[in-house]
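What the coordinates show
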Amino acid sequence: MPDYDPIELELLKNSLESIVDEMALTIVRTAYSTNLKNSMDFSTGLCDPAGQLVAQGLCLPLHLGSLPDGMAAVLNRYGDRIEEGDVFILNDPYEGGTHLPDIYMYRPIFVEGTLIGFAAAIAHHTDIGGRVAGGNACDSTEIYQEGLRIPPVKLYEAHRPVQALFDVIERNVRVPRNALGDLRAQLAACHIAQREIESLADRMGLRELQEGFCQLMDYAETWTRSEIERFPDGVYTFTDTIDDDGIDPGPIPITVTLTVEGDELTADFEGSAPQVRGAINSAIPFTKSAVYACLRCLMSPALPTNSGFFRRIHVRAPVGSVVNPVLPAPVAARGLTGFRLANVIMGALNEMVPGRIPACEVGGDTGISIGGYREDRSAFVFLEFLFGSWGGRPDQDGVDGCASIVVNFSNNPAEVVESEYPLEILQYGLVPDTGGPGQFRGGQAVVREYRFTERECTLQIRSDRHRSRPYGLAGGRSGAGSRNVLNPGRCEKVLPAKTLLTLSRGDVLCHTLAGAGGYGPPFRRDPSAVLDDVRNGKVTPEAAERDYGVVIDTQCWCINVERTKVLRE
């Protein structure tokens, strides 16, 4: 077989990435639920016959690192019993998945009768049954409460649908139209991959394409080794905490130790809390994905992200811990822990390469689920994940109102929410004085306010950072904490970070996410930047004086230089 030169490998990499991105676009165009077509909570990829990741789409890093684990589960069960026209699905967190709402789909791709690889699509389904609509409740105490648990099974066998499985799924979810429609969107994406890989094999030759997969992964491994060799050898440890698990009140520490030895890196989570009673436990594939995603941020953007990249990165997590639970631990709300894992890993990376890592971002998305029945008894399930802002960077402010660095979520437009669900969005914006003060300010908190318009529903909130606030770096301060308020301004009630309650028509929920951490000492911030923040409503004059020592004359919108000089000295 010929060796590919760097240009040929780059062309192959781009061809494969174009295919997986076209798969992603297919899901956006054909999905039924707002969580897929608007929030884009899904991922696409290609694997080789051994289940190794060959290419990934511009989707969610926290999904994509787990694709080989799901593939391994399929191969372990079916081995050489895989035929053309088969399609496999699974969602079991203890056999390749991460939590029940994420359904993994793999379609084997045959060319000239030879298995050349698998198309892969992961989609977060709006509902998967279980005791709480939306499948993300924090207060479940065992996985059996969380919904339909699917081991690796065939959804299609030799081009024929396994109707019994479709029927089981339909009977176990609250809005089957969305669930089956989103499954078919995944199927359509996998069909696109089949067609395009066949076309690529026709142009290149089957054996040449197979060899290209291998060389592309070896190339990624070699490049990753050289990137790790640039890191200083040593041991770097960081700890952050989750407020609670929604059942027990105590804080939950997560600790990571990064060890760099030559061209290999190990992430060890020894010292993290034991698995908890609530559903925030993170299955090991999700924990591994968080490590891969954070390390990828420090490496060249041109590096191919495939299984070759994973080979020199080792993840260890104590069995029975919050980052590697065992049955029957619940894991539905594991997303919160995944984002906190990213904060912990980035904190350890700052110890390793100070001056390159931003302060803590908001530190975890908030999951909002609202489910119930309309007057005609038809079910509705609203699900969305809210993201905030990035932390201050070594040379720039944090970005306001964006997704976490380890996902590529979009928001649900208010107009779409109001047209499809019994909800009104009363407020959606940024909150002043919430970004962590620093030489480079942390991003602001995001606020979202909902009014419920049906007779009754169940509200589930999965949030955090009420007490453990996003950390600052290099002298920067923490961002503001998050907050949940029911019916603000009229008999208002402050809710805990994680809660499940019943709403009635007219009830209002106001959720404010945390603000991101600041970078560098606040008094080193350019006074003109503070003035711009005050003018733009990001910082109040009182906070400018208190946090930055900058006195703003709001009559003429200028800096009182003399008073500022006195305060800063």
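Preceding block: the structure.
Residues numbered from 1 in each chain as written. Predicted model: local features only at pLDDT ≥ 70, side-chain atom pairs only at ≥ 80, totals over all residues. Heavy atoms only, no water.

1. Some words on the packing of aromatic side chains
The condition that has to hold: Any two rings among Phe, Tyr and Trp, with Trp reduced to its six-membered ring, count as a pair given centres within 6.5 Å; such a pair is stacked if its planes are under 30 degrees apart, edge-to-face if over 60, and tilted if neither. Counting from the N terminus, the helices are DSSP H or I runs at least four residues long and the strands are E runs at least two residues long. When accessible area is computed with a 1.4 Å probe and restricted to protein chains, residues below 20% of their type maximum are described as buried, those above 50% as exposed, and intermediate ones as partly exposed. To sit over a ring, a charge needs its Lys NZ or Arg CZ within 6 Å of the ring centre and within 35 degrees of the ring normal.
A complete count under the given rule lists 14 aromatic pairs for this structure. Summarising the aromatic geometry, the rings of Tyr 292 and Phe 310 are spaced 4.2 Å apart at their centres and angled 15 degrees between planes, so their arrangement reads as stacked. In this pair, Tyr 292 is assigned in helix H8 (residues 284-296) and Phe 310 in helix H9 (residues 307-310), connecting sequence segments 18 residues apart. In this structure, Tyr 292 and Phe 310 share a single accessibility class: buried. The structure contains a cluster of three or more aromatic residues connected by ring pairs, namely Phe 339, Phe 385, Phe 387 and Phe 409. Across the ring face of Phe 286, the terminal group of Arg 334 is positioned such that the distance to the ring centre comes to 3.8 Å. Its guanidinium or amino end placed over the ring of Tyr 428, Arg 448 lies 4.2 Å from that ring's centre, counting from NZ or CZ.

2. Considerations on the sheet that holds strand E8 (residues 234-242)
The condition that has to hold: Strand pairing follows a simple DSSP-based rule, namely that at least 2 bridges must link the two strands. Axis lines are fitted through C-alpha atoms, for helices just across the contact stretch, and the angle between N-to-C directions can take any value from 0 to 180 degrees.
Spatially, the four strands line up as an open sheet ordered E8-E9-E10-E11, and their pairing is mixed. With partners counted over all chains shown, the strands left at the sheet margins are E8 and strand E11 (313-316), one partner each. Across the sheet, the mean angle separating the axes of adjacent strands is 15 degrees when strand polarity is ignored. The pairing of strand E10 (residues 264-268) with E11 spans four bridges and is classified as parallel. Residue pairing for E11: Thr 266 is matched across the bridge by His 314.

3. Describing the state of the cysteines
Operational definition: Cysteine sulfur atoms that come within 2.5 Å of each other are treated as a disulfide pair.
If you walk through the whole model with that rule in mind, you get one disulfide. Linked covalently through their sulfurs, Cys 556 and Cys 558 form a disulfide whose S-S length is 2.5 Å. Judged by its relative accessible area of 29%, Cys 558 is partly exposed. Between Cys 294, a cysteine without a disulfide, and Cys 297, which holds the nearest cysteine sulfur, the sulfur-to-sulfur distance is 6.0 Å. Overall, Cys 294 belongs to the buried group, its relative accessible area being 0%. A disulfide-free cysteine, Cys 457 has its sulfur positioned 16 Å from the sulfur of Cys 510, the nearest such atom.

4. What about helix H13 (residues 541-548)?
Condition: Throughout, the arc means the angular range of directions from the helix axis out to the C-beta atoms.
Residues of H13 that are buried include every one of Ala 543, Ala 544, Asp 547 and Tyr 548, and no others. One side of H13 carries all its buried residues, which in axial view fall inside an arc of 105 degrees. Residues of H13 that are exposed and point over 90 degrees away from its buried face: Glu 542 and Arg 546. Positioned one or two residues after H13, Gly 549 has a phi angle of 65 degrees, which is positive.

5. Re the side chain of Thr 255
Short version of the rule: Here, residues are in contact when the closest pair of their heavy atoms is within 4.5 Å.
By the element assignment, Thr 255 lies in strand E9 (residues 252-261). Judged by its relative accessible area of 11%, Thr 255 falls in the buried class. Other than its neighbours up to four places away in sequence, Thr 255 contacts Thr 237, Phe 238, Thr 239, Asp 268, Phe 269, Glu 270, Gly 271, Ser 272 and Val 344.

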